[in-house]
Amino acid sequence: MYRLTLADRRLSVIRVEAFVYGFGDGRLVLRAPRSETGTFFEPINLSAVSSGAALDVRERDGAWSIEAGNGDLAFSYDVVIAIEDRYSPDVRSMLTFLGEDRCRILGRDVFLVPEAPFASGVLVDVRLFPGGGLSSSAPAVRDRIVVPDAGELPRTMAAAGAFRFLSREIGGVSVALAIGDAWSFGDEEFFDVLCRIVAEELALLGPPPRSRYLFVCDGNPVRGGARFDYYGIHYDGSMLLLLDPRIDRSALMDAPMAIIAHEFFHNWNSETLAGADESFQWFTEGATVYCSYRILERANVISSAQRAAHRRTVASRYRANPYRERVAIGEAANRDMGDKDMVNLLYDGGYLAAEALDERIRKDTGGRIGIIDVIRRLHERSGRTDIAGEAALTAAVIDLGGSDISGFLRELVRTPNPHVIADRFSSLE
Ligand SMILES: [Zn+2]
């Protein structure tokens, strides 16, 4: 069981206390979750006690071992939430946020986790804003979160304090929204749009991997002309939506809602689908962007004219991309993803490849199936087959009654400037 309290509000320090009951082995080893560039946080003043006596704690290579003996033990440490580059464009590094009256916590930013989980589930008491509300991607009651699987702790998100909390059941799935900040639209209006998008995706794609989802919507602190105004990211059951606080009410019926459709769509089309690696990212991202705009249109969130306008933007940015004639769409993710043009080649090229693929499958099947049906099938098969990436995609299309698209795919995403897309430029205007 973990407990989170505020150690020092001004310095953004959170205290984490953990209680382990009936620990049966001699040594407890704790680790901080690792990112690609190192660990997500450094615990400060880690100490442990058992029956009132301090226990020996040793650090080695980013792991802390506690000589625990038998019985109950407790350990505690502090975490500094203030992240240096909070106002840099790199929003990914600031998923945990501690504000004046509310906070959102992503497990990996605060919890040391035992090397071998000692319990199947863990309880987390969030006492950062006593009396405030709490919602989480895991079930929560008052200030307590019940994380059913300890392994999910790093990817569990909680929103606590002065958020407005809304929730609804949609087709057996529990959808929660924690919304902070002030907006030009009402919370209910926003939640209604969100639920319509979720309902549309459930109807098209079938049961999602989990039965509970939390959306956290807050102001994006990143401002300024060249930077993005809205941003979404998902971690299993949590979707973080950061919107520009200046956003107009009309945005409820426009492109910013695509981040909801996009992040929720990743429940079916994600990195884990079909054993996907970098070479399949054009599909993971490209098909997700393409399908999410189709879904917004189906859910009557955007009009066909708005969808066409988005498509024109994608197509003209792709045409102007300096890598278009040198790098295949399917190779973009293997290159420097810090390079904006390369990122655009992956997303825009991926979008256009997904569109070309959708049309090809529709043509081959007399309009009976499309790319969304293929993704649904890939998701259903996921984990049950050895074939991955494009091979799995090809097999799913055949499975659904389409033809062999392997040659078409090779030309489409393994050749720079594929004629399948170039030939369509006149229709992309
Ligand atoms: Zn994405």
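**Quick look at the overall build of the chain**
Part 1 of the argument: What the chain contains, in helices and strands, is 10 helices and 23 strands.
Part 2 of the argument: Rg of the C-alpha trace for the chain: 23 Å, near the compact-globule value of 22 Å for 429 residues, within the 12% margin.
Part 3 of the argument: Across its three principal axes, the chain shows a C-alpha extent of roughly 75 × 50 × 40 Å.
Part 4 of the argument: Within the chain, the fraction of its 429 residues that count as buried is 54%.
Part 5 of the argument: Of the contacts made within the chain by residues no fewer than 6 positions apart, 68% connect residues no fewer than 24 positions apart.
Part 6 of the argument: Of the roughly 18800 Å² of accessible surface on the chain, a fraction of 47% belongs to carbon and sulfur atoms.
Part 7 of the argument: The average position of the 49 basic charges and that of the 61 acidic charges among the side chains of the chain differ by 2 Å.

**Some thoughts on the pattern of salt bridges**
Part 1 of the argument: Evaluated as defined, the whole model comprises 29 salt bridges.
Part 2 of the argument: Across the salt bridge formed by R58 and D56, the nearest N and O atoms sit 3.1 Å from each other.
Part 3 of the argument: Owing to a relative accessible area of 55%, R58 belongs among the exposed residues under this scheme.
Part 4 of the argument: Taking relative accessible area as the criterion, D56 reaches 37% and is therefore assigned partly exposed.

**Some remarks on the sheet that holds strand 11 (residues 97-98)**
Part 1 of the argument: With respect to topology, 4 strands assemble into an open sheet ordered 11-12-18-15, the strand pairing being antiparallel. Each edge of the open sheet carries a strand with a single partner, namely strand 11 and strand 15 (133-136).
Part 2 of the argument: Relative to strand 18 (residues 157-161), strand 15 runs antiparallel, the two sharing 4 bridges. The partner of L134 across the bridge, within strand 18, is A160.

**What about the packing of helix 7 (residues 389-399) against helix 8 (residues 406-414)?**
Part 1 of the argument: Axis separation between helix 7 and helix 8 bottoms out at 10 Å; the angle between their running directions is 140°. Classified by the angle between their axes, helix 7 and helix 8 sit oblique to one another. Considering how the two elements wind past one another, helix 7 and helix 8 form a crossing that is right-handed. Residues E390, L393 and T394 of helix 7 lie in contact with helix 8, whose contacting residues are S406, L409, V413 and R414.

**Looking at the packing of aromatic side chains**
Part 1 of the argument: Enumeration according to the criterion identifies 13 aromatic pairs in this entry.
Part 2 of the argument: With centroids separated by 5.4 Å and ring planes inclined at 15°, the aromatic side chains of F185 and F190 adopt a geometry described as stacked.
Part 3 of the argument: Residue classification places F185 among the buried positions, given a relative accessible area of 4%.
Part 4 of the argument: A centroid spacing of 5.0 Å and a plane angle of 20° characterise the contact between F280 and F283, whose relative ring orientation is stacked. Here F280 and F283 have matching classes, each one buried.

**Some remarks on the sheet that holds strand 9 (residues 63-67)**
Part 1 of the argument: The sheet built from 4 strands is open, its strands ordered 8-9-3-13 with antiparallel pairing. The sheet terminates laterally at strand 8 (57-60) and strand 13 (113-114), the two strands that pair on one side only.

**Quick word on unusual backbone geometry**
Part 1 of the argument: With a phi close to 50°, S51 is a non-glycine residue in the positive phi region.
Part 2 of the argument: If you check the backbone angles, D236 has positive phi at about 50° while not being a glycine.
Part 3 of the argument: Counting through the fold element by element, D236 comes out in the loop between strand 22 (231-235) and strand 23 (238-243).
Part 4 of the argument: Given the relative accessible area of 26%, D236 is considered partly exposed.

**As for the pairing of strand 10 (residues 71-80)**
Part 1 of the argument: Here strand 2 (residues 13-23) runs beside strand 10; their pairing, made up of 9 bridges, is antiparallel. Opposite F23, over in strand 10, you have G71 as the bridge partner.
Part 2 of the argument: Where strand 6 (residues 44-50) and strand 10 come together, 4 bridges link them in antiparallel fashion. The residue of strand 10 that forms the bridge with V49 is A74.

**Some thoughts on the side chain of N269**
Part 1 of the argument: With respect to the helices and strands, N269 occurs in the loop between helix 2 (258-265) and helix 3 (281-298).
Part 2 of the argument: The class for N269 is buried, based on a relative accessible area of 0%.
Part 3 of the argument: In this structure the side chain of N269 is engaged in a polar contact, spanning 3.1 Å, whose partner is the side chain of T288.
Part 4 of the argument: N269 has contacts with F283, T284, A287, T288 and I375, leaving out every residue within four places of it along the chain.

**Some details on the environment of V175**
Part 1 of the argument: Looking at where V175 falls in the secondary structure, it is placed in strand 20 (residues 173-179).
Part 2 of the argument: The spatial distance from the C-alpha of V175 to the C-alpha of L214 is 6.1 Å, given a sequence separation of 39 residues.
Part 3 of the argument: If we ignore the near neighbours within four places in the chain, the residues touching V175 are L166, S167, R168, I170, F191, L194, V198, Y213 and F215.

**Considering the side chain of S135**
Part 1 of the argument: Take S135: it is sitting in strand 15.
Part 2 of the argument: For S135, a relative accessible area of 7% translates into the label buried.
Part 3 of the argument: Of the polar contacts made by the side chain of S135, one reaches the side chain of R212; its length is 3.5 Å.

**What to know about the confidence of the model for the chain**
Part 1 of the argument: Of the residues in the chain, 91% reach a pLDDT of 70 or more, and the chain-wide mean stands at 88.
Part 2 of the argument: Long-range and interchain partners of residues 84-92, a stretch whose pLDDT sits below 50, account for 21 contacts in this model, where long-range means more than four residues apart.

Conventions and cut-offs
- Residues numbered from 1 in each chain as written.
- Predicted model: local features only at pLDDT ≥ 70, side-chain atom pairs only at ≥ 80, totals over all residues.
- Heavy atoms only, no water.
- Helix = DSSP H or I, 4+ residues; strand = E, 2+ residues; numbered from the N terminus.
- Rg over C-alpha atoms; globule rule 2.2 N^0.38 Å.
- Buried < 20%, exposed > 50% of the residue type's maximum accessible area, 1.4 Å probe, protein only.
- Contact = heavy atoms within 4.5 Å.
- Areas by Shrake-Rupley, 256 points an atom, 1.4 Å probe, with all protein chains shown as cover.
- Lys, Arg positive; Asp, Glu negative; His and termini not counted.
- Charge placed at Lys NZ, Arg CZ, Asp CG, Glu CD.
- Salt bridge = Lys/Arg side-chain N within 4 Å of Asp/Glu carboxyl O.
- Pairing = 2+ DSSP bridges.
- Axes fitted to C-alpha atoms, helices over the stretch in contact; angles between N-to-C directions.
- Parallel < 35°, antiparallel > 145°, perpendicular 65-115°, else oblique.
- Left-handed = near helix turned anticlockwise from the far one by under 90°.
- Phe/Tyr/Trp six-rings, centres within 6.5 Å; stacked < 30°, edge-to-face > 60°.
- Polar contact = N/O pair within 3.5 Å; in protein donor to acceptor, adjacent residues only side chain to side chain.
- pLDDT = per-residue confidence, 0-100.

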